[in-house]
Amino acid sequence: MAQNATIYKVELSVSDMDRHYYETHKLTVAKHPSETDERLMVRLVAFALNAHEHLEMTKGLSSDDEPDIWQKSLSGELDVWVALGLPSEKVIRQSCAKAGKVYIYAYGGKPAEIWWDKVKNSTARFASLEVVNLTEEDTAALAGLASRAMKLQVNIQDGDLMVSVDESVVYLTPQTWKRAE
């Protein structure tokens, strides 16, 4: 019998001094049965880094042709495509053809570095693509913050993040492997 998704209720407060964005988002997030707490938290951090009033979580792992997070224009075009993990060159190419901006948040330590060495040359032609790596230590610490009902505070300044839930705080320094032009 297939397992059902686990529902997480998240109050995500974003204070992004870099983009001058300050807002609280009430999110209901479905955690796929095969999704780890680490991936769930990376998804929430990616949401915070791209926070916008029209940004939405998608079906994620449940759908092959959707990103993890997207932002559509009022006329339905894909403005922002946010993917997590280590997508194939084909998926990267298709994503860049579908959306105005594509963000990939890689994580996982050594496998992420190997993936990037393999795909970085083929991504040079995509001006709208940004690739960011989160270290294994950072994402492991994030996983420790996960709970079914969270009040998550994310402060962003000079590219660094402070993520807190109650009294627990994790500091992240994302590494930009490729910057969008």
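Reading guide: rules and limits
- Residues numbered from 1 in each chain as written.
- Predicted model: local features only at pLDDT ≥ 70, side-chain atom pairs only at ≥ 80, totals over all residues.
- Heavy atoms only, no water.
- Pairing = 2+ DSSP bridges.
- Helix = DSSP H or I, 4+ residues; strand = E, 2+ residues; numbered from the N terminus.
- Axes fitted to C-alpha atoms, helices over the stretch in contact; angles between N-to-C directions.
- Contact = heavy atoms within 4.5 Å.
- 1 Å grid on protein atoms, 1.4 Å probe; cavity = no way out; pocket = protein on both sides within 12 Å on 5 of 7 lines; lining within 4 Å.
- Points joined across faces, edges and corners; volume = space filled by probe spheres on them.
- Buried < 20%, exposed > 50% of the residue type's maximum accessible area, 1.4 Å probe, protein only.
- Core = buried A, V, L, I, M, F, W, Y, C linked by side-chain atoms within 4.5 Å.

A separate point is the sheet that holds strand S6 (residues 99-107). Taken in spatial order, the six strands line up as S3-S4-S5-S6-S7-S11 in an open sheet, and their pairing is mixed. Lying at the two open borders of the sheet, with one neighbouring strand each, are strand S3 (55-57) and strand S11 (175-178). Here the strands of the sheet are splayed against their neighbours by 20° on average, with no regard to which way each runs. Pairing between strand S5 (residues 78-84) and S6: six bridges, direction parallel. Counted as the bridge partner of Ala 83 is Ile 104 from S6. Sitting on the sheet, helix H3 (residues 110-123) touches S6, strand S7 (129-134) and S11, and the angle it makes with S11 is about 35°.

For the rest of this paragraph, the subject is the layout of surface pockets. Reported here for the largest pocket is a volume of approximately 400 Å³. Lining the largest pocket are 17 residues, with Arg 19, Leu 49, Tyr 103, Tyr 105 and Glu 130 positioned closest to its centre. Of all the secondary structure elements, the ones that give two or more residues to the lining of the largest pocket are S6 and S7.

Turning our attention to unusual backbone geometry. With a phi close to 55°, His 20 is a non-glycine residue in the positive phi region. Looking at where His 20 falls in the secondary structure, it is placed in the loop between strand S1 (6-16) and strand S2 (21-31). A relative accessible area of 63% means that His 20 is categorised as exposed. With a phi angle near 55°, Asp 166 is a residue other than glycine that sits in the positive phi range. Within the secondary structure, Asp 166 is located in the loop between strand S9 (160-165) and strand S10 (168-172).

Side chains that are nonpolar tend, in soluble globular proteins, to be buried together. Ranked by size, the top nonpolar core spans 40 residues in total, and within it Val 10, Leu 12, Leu 44, Leu 152 and Val 163 carry the most contacts. It is helix H1 (residues 37-49) that contributes the most residues to this core, nine residues altogether. Setting aside residues up to four positions removed in sequence, Val 163 forms contacts with Val 45, Leu 142, Leu 145, Leu 152, Gln 153, Val 154, Ser 168, Val 169, Val 170 and Leu 172. Ranked by size, the runner-up nonpolar core spans 17 residues in total, among them Cys 96, Ala 106, Trp 115 and Trp 116.

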